[in-house]
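Structural overview
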Amino acid sequence: MIFQKAKGIHIEGRKEACKKIPIKDYLSPKYVYMPLLQRATNLKAEVSVGDEVKIGQLVATNEQQMNIRVHASISGKVTAIKKVWHSSGKMVDSIEIENDFKNQLIETIKKEENVDSLTREQLITKMELAGITGLGGAGFPTHIKYKTKAKIDAVIINAIECEPYLTCDFHFITKYPEKLLKGATYFMRAADAQKVVIAYKTYNHQIREALQPFLSKYPHVELHPIKNIYPAGWEKYLVEQVTKKTYNGLPAEAGVIVNNSATAITFCDAVEMNIPLIARPISINGEGINHPSSFYVPIGTKVSELVELCGGYVNNLEPLKYNYIAGGPMTGRAIFIDDLIVNDTLGAVIVKKASEGVYPECLGCGKCADVCPVYLTPTEIKKAFERKDVKLLDDLNANKCVECGLCSYICPSHIEITEAVAKGKDLLRKGAK
Ligand code: SF4
Ligand code: SF4
């Protein structure tokens, strides 16, 4: 296919309510639940019921698949291995830890004395041992990206957070600007690259203002404002904007590695203090929440506790008038319960008003095709999926869908067309095996 420049549209941000309240730490829940699932990979528990664990202790692994490692996010006792709701929309076996409120750290969490002399290989090993994954939603183990043989010119830090309602990255960067610069610099050294580019949306001028006082110490860092369109944070779009290059498989083909901003801040702690991935920022937002806020919480915290800290739901939520979404409203997953846990990929839970004025059928308006950033015809793909026509799905390039959610967002009939296209892409992948 001839390369066509990706496109995007302006969508309403709805971030202000959450943005104006500083991020809060909520670091001592009574229980956490460390899920035995990361992306689609099942993990093996390394602890048993009755064991005492410390913060940072290895509790679950999968050495065969990308050496996934999960660490206890609080100290206390393992009280059960039980199923809890997860952002995947399923109940997932998880290690329940009851907090002893002693905040006991594993012995390996201590200041790294030789930060400046760490080699590329040592930095990558730190990423791997700390279980660092992409906190922007992908959850891909970060060390795999850095084991590339390709020549990397730059590390791009994705601070765009382009979906409506999401503000946790914004808060995390403005709270820890120098940690972002340090973490990004460690990534640059781990890639043997020459520079770091931090991409952010132009309207988030507070990000630039927070980073500016430190930039003279980091001459290899460039700030790259991106205009306010969706899906500007989509990796391919971002790489194209920054490098003017495109690629088919991985950004390394264009000489770059892309990491989310929260991942870089987490990596700074992993390098300097040997702290594994045990906590993340999350936004609880939407018209259904009394006081939308962002929090920094241990992995495994229950979302329902965060909703309580937000003052609960507006008018106790009139039934059927609100939707819960795990993740952003464009790419997240509809859920029916707030009893899920915060896992590594969950950056938001949104409670938004359900759509009104639903028409029963496709109007044939073509708006979904107009907005598609990769020039697909979502209605045709939906029909091909419904007919299970794998060849037609291939002809229609269903595999190119980036699941950005724009076709559902724009549809006047509120048809869940993204879901149909994603299923078509999945069918094509399975059919093509
Ligand atoms: S979800 Fe897929 S088909 Fe729909 S607009 Fe995005 S890329 Fe296009
Ligand atoms: S935007 Fe909705 S109504 Fe319009 S063509 Fe696409 S699916 Fe049909």
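For every chain, the first residue of the written sequence is number 1, and numbering continues from 1 along that sequence. Chains carry letters and ligands carry numbers; both start at the beginning, A for chains and 1 for ligands, and go up in the order they are written. Since the coordinates come from a predicted model, pLDDT governs what is reported: local features require at least 70, and pairs of side-chain atoms require 80 or more to be given and counted, while whole-chain, interface and lining totals use all residues. The side-chain figures draw on all heavy atoms in the structure; neither hydrogens nor water molecules are used.

A word on the pairing of strand β15 (residues 279-285)
Each residue's exposure class comes from its accessible area (1.4 Å probe, protein chains only) as a fraction of the maximum for that residue type: buried when under 20%, exposed when over 50%, partly exposed otherwise. Only DSSP runs of H or I with at least four residues qualify as helices, and only runs of E with at least two residues qualify as strands; both kinds are numbered from the N terminus onward. For β15, a buried count of 7 out of 7 residues is recorded, marking the element as mostly surrounded by other parts of the structure. Going residue by residue along β15, you find Ala279, Pro281, Ser283 and Asn285 tucked away on one face and Arg280, Ile282 and Ile284 tucked away on the opposite face as well. Relative to strand β16 (residues 293-298), β15 is paired through 6 bridges, and the arrangement is antiparallel. In the sheet register, isoleucine 284 faces β16, and the bridge partner there is serine 293. For two strands to be treated as a pair, DSSP must find at least two bridges joining them.

Overview of the site of ligand 2
We define proximity as follows: a residue is near a molecule or strand when any one of its heavy atoms falls within 4 Å of that partner. Every residue near ligand 2 is listed here: Cys362, Leu363, Gly364, Cys365, Gly366, Cys368, Thr379, Cys411, Pro412 and Ile417. Each residue is assigned to one class: nonpolar for Ala, Val, Leu, Ile, Met, Phe, Trp, Tyr, Cys and Pro, charged for Asp, Glu, Lys and Arg, and polar for all the others, Gly among them. Taken together, the residues of the shell around ligand 2 break down into 7 nonpolar, 3 polar and no charged.

With respect to the domain arrangement of the protein
Start and end points for every domain follow an automatic or database-based domain assignment. As assigned here, the protein comprises domain 1 (10-27 + 108-354) and domain 2 (367-431). Placing the centre of domain 1 and that of domain 2 at their C-alpha centroids yields a distance of 27 Å. Here, two residues are considered to be in contact whenever any of their heavy atoms come within 4.5 Å of each other. Counting residues at the interface gives 7 residues for domain 1, matched by 8 residues for domain 2. Note: buried area is the sum, over both parts, of the accessible area (probe 1.4 Å) each one loses when the two are combined. When domain 1 packs against domain 2, close to 650 Å² is buried across both sides, 76% of that on carbon and sulfur atoms.

What to know about unusual backbone geometry
The step from tyrosine 230 to proline 231 runs through a cis peptide bond, and the omega angle for that step is 5 degrees. Along the chain, the position of proline 231 falls in the loop between β13 (221-226) and α7 (235-243). In the Ramachandran plot, arginine 14 falls in the positive-phi region, its phi being about 50 degrees despite a non-glycine side chain. Within the secondary structure, arginine 14 is located in the segment before α1 (16-19). Since its relative accessible area comes to 42%, arginine 14 is described here as partly exposed. Located in the positive-phi region is tyrosine 165, a residue other than glycine, with phi close to 75 degrees.

Let's talk about the sheet that holds strand β2 (residues 31-35)
The strand order across the open sheet formed by 4 strands is β2-β10-β9-β6, and the pairing between neighbours is antiparallel. Since the sheet does not close on itself, it has two edges, and those belong to β2 and β6 (52-53), each with one partner. Two strands pair when backbone bridges link them, and β2 and strand β10 (residues 91-99) are joined in this way by 5 bridges, in the antiparallel orientation. The partner of valine 32 across the bridge, within β10, is isoleucine 97.

Things to note about the sheet that holds strand β14 (residues 256-260)
Taken in spatial order, the 4 strands of this open sheet run β13-β12-β11-β14, and their pairing is parallel. In the strand order of this sheet, the two ends are held by β13 and β14, each with one partner. Here the strands of the sheet are splayed against their neighbours by 25 degrees on average, with no regard to which way each runs. Sheet topology note: the strand β11 (residues 154-159)/strand β12 (residues 195-201) ladder contains 6 bridges and is parallel. Along β12, the bridge assignment pairs asparagine 158 with alanine 199. Only the stretch in contact is used when a helix axis is fitted, and all axes are lines through C-alpha atoms; the angle between N-to-C directions ranges over 0 to 180 degrees.

Some words on the site of ligand 1
Within the structure, ligand 1 sits among 13 residues, and Cys372, Cys401, Cys404, Gly405 and Cys407 are positioned closest to it. Among the secondary structure elements, those contributing two or more residues to the shell around ligand 1 are α13 (406-410) and α14 (417-431). Taken together, the residues of the shell around ligand 1 break down into 10 nonpolar, 2 polar and 1 charged.

A short note on the pairing of β13
In the sheet, β12 pairs with β13 via 6 bridges, with the strands oriented parallel. Of the residues in β13, the one forming a bridge with valine 197 is glutamate 222. Where the polypeptide runs from β12 across helix α6 (residues 205-211) and back to β13, its parallel neighbour, the crossover connection is right-handed. By the criterion used throughout, a crossover qualifies as right-handed when its path from the first strand across the helix to the second strand runs clockwise, the strands pointing away from the viewer.

A look at the packing of helix α2 (residues 120-129) against helix α5 (residues 177-191)
At a closest axis distance of 8 Å, the pairing of α2 and α5 adopts a crossing angle of 120 degrees. In this view, α2 runs oblique relative to α5, as classed from their interaxial angle. The handedness of the crossing between α2 and α5 comes out as left-handed. Here Arg120, Leu123, Ile124 and Met127 of α2 lie close against α5, whose contacting residues are Tyr186, Phe187, Arg189, Ala190 and Ala191. Broken down by class, the residue content of the contact of α2 with α5 amounts to 7 nonpolar, no polar and 2 charged. For classification, angles of less than 35 degrees are called roughly parallel, those exceeding 145 degrees roughly antiparallel, those between 65 and 115 degrees roughly perpendicular, and all remaining angles oblique. Left-handed is the label given to a crossing in which the near helix is rotated counterclockwise from the far helix by less than a right angle, and right-handed is the label when the rotation is clockwise.

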